[in-house]
Every structure is written in C-alpha cells, then in structure tokens.
Amino acid sequence: MFAALTDPTRRALLEELARAGPATVTDLARRLPISRQAIAKHLRQLAEAGLISSGEPAGRRHPYRLEPAAIRTAQVWLARLANRWDDRLAALEGALDATDTNRGVTQQ
C-alpha cells in the first residue's frame, strides 16, 4: 500500500477520487494533465494495493472509487507511529531538561 502511495501521480488520482467521487479513466483524463494510458496504469497499481476498486461497469465505463477501509488502516497505522515518535521525543526532551538541570546544579 505504501509503495503505491510513493508516486505523486497516484496520490493525485486518489485526491481527485476523494474530491469528486467515483470516476472512469476517461473522466480522470479530462480533469488531470495525464494520459489515459498512464491513468489506467496507475489505477491498476492503486487497485492492487487495495486503495481503490472498480465499481459496477456501465457498458464500457468502469468507474473507480476509493476504498475507505484501506485508507483508514493506513491512517491508523501512521497515527500509532506518530504517537510513538511523540512519546520518544517527549522522553528525550525530559532527559535533556534533566541534564540541563543537573548541570546547573553542579556548576553552582
């Protein structure tokens, strides 16, 4: 999933689907400065990562939509990771403050 998110074009496609809702390759090509072939390739990669899915086809049109569950899973994981870093940074800050306090006491 995160490998799929490293590409700025794929992130732009996700943002467009989030902003405007389900869309076909042709719809996305009209809205973004990307060729239909490139969009189709990126959409396949996003679908393989579980971030989007293809809705029910209407004739030759295959609308793609976000998969909120996959995005929520990534969001929860990133939030936990961020909290761990916040905890570690707070512990480091406390240790540095204690060191500064101890230095001030010994220098007096």
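Look up a bit, the structure's there.
Conventions and cut-offs
Residues numbered from 1 in each chain as written. Predicted model: local features only at pLDDT ≥ 70, side-chain atom pairs only at ≥ 80, totals over all residues. Heavy atoms only, no water. Salt bridge = Lys/Arg side-chain N within 4 Å of Asp/Glu carboxyl O. Helix = DSSP H or I, 4+ residues; strand = E, 2+ residues; numbered from the N terminus. Buried < 20%, exposed > 50% of the residue type's maximum accessible area, 1.4 Å probe, protein only. Core = buried A, V, L, I, M, F, W, Y, C linked by side-chain atoms within 4.5 Å. Contact = heavy atoms within 4.5 Å. Patch = residues over 30% accessible without salt bridge, like charges linked within 9 Å, V, L, I, M, F, W, Y side chains within 5 Å. Areas by Shrake-Rupley, 256 points an atom, 1.4 Å probe, with all protein chains shown as cover. Phe/Tyr/Trp six-rings, centres within 6.5 Å; stacked < 30°, edge-to-face > 60°. Expected span 1.5 Å × (residues − 1). Arc of directions from axis to C-beta.

Undergrad: How would you sum up the pattern of salt bridges? Please name residues and give values.
TA: Enumeration over the complete set of coordinates arrives at five salt bridges. Across the pair Glu-16 and Arg-19 runs a salt bridge whose closest N-O atoms are separated by 2.6 Å. Of this pair, Glu-16 and Arg-19 both sit in helix α2 (residues 8–20), three residues apart, which is roughly one turn of that helix. Overall, the relative accessible area of 9% leaves Glu-16 in the buried class. Given the relative accessible area of 60%, Arg-19 is considered exposed. Its salt-bridge partner being Glu-16, residue Arg-31 comes within 3.1 Å of it at the nearest N-O pair. Remark: Glu-16 occurs in helix α2 and Arg-31 occurs in helix α3 (residues 25–31); sequence separation between them is 15 residues. Each of the salt bridges in this network shares a partner with another, and the network as a whole consists of Glu-16, Arg-19 and Arg-31.

Undergrad: Which residues make up the nonpolar core, and what are the values?
TA: Of all hydrophobic cores here, the largest spans 15 residues; its most connected members are Leu-13, Leu-28, Leu-43, Leu-46 and Ile-52. Of all the secondary structure elements, the ones that give two or more residues to this core are α2, α3 and α4 (36–48). Discounting residues that sit within four places of it in the chain, Leu-13 has contacts with Leu-28, Leu-32, Ile-39, His-42, Leu-43 and Leu-46.

Undergrad: Describe in detail the side chain of His-42, supporting the description with residues and values.
TA: Mapped onto the elements, His-42 comes out in helix α4. Not counting residues up to four positions away in its chain, the partners in contact with His-42 are Asp-7, Thr-9, Arg-10 and Leu-13.

Undergrad: Hey, could you go over a nonpolar patch on the surface for me, with residue numbers and the actual values?
TA: Among the surface-exposed residues, Met-1, Phe-2, Trp-77, Leu-78, Leu-81, Trp-85, Leu-89, Leu-92 and Leu-96 lie close enough to one another that they form a single nonpolar patch of about 830 Å² accessible area. Per element, the largest residue contribution to the nonpolar patch is seven residues, and it comes from helix α5 (residues 68–107). Its place among the elements puts Leu-78 in helix α5. The class of Leu-78 is partly exposed, set by a relative accessible area of 41%.

Undergrad: Describe the packing of aromatic side chains, listing the residues and the values that go with them.
TA: Under the definition given, this model contains one aromatic pair. A ring pair is formed by Phe-2 and Trp-77, whose centres lie 5.2 Å apart and whose planes are at 50°; its orientation type is tilted. Note that Phe-2 is positioned in helix α1 (residues 2–5) and Trp-77 in helix α5, a separation of 75 residues in sequence.

Undergrad: So what's going on with α4? Which residues, and what values?
TA: Relative to the 18 Å expected for 13 residues at 1.5 Å per residue, α4 spans 18 Å between its end C-alpha atoms, a close match to the ideal helical length. All of the buried residues along α4 are Ile-39, His-42, Leu-43 and Leu-46. The arc that holds every buried residue of α4, seen down its axis, measures 105°, which confines them to one face. Pointing more than 90 degrees away from the buried face of α4 are the exposed residues Gln-37 and Glu-48. Taken from the residues just after α4, Gly-50 is the one with a positive phi, measuring 85°.

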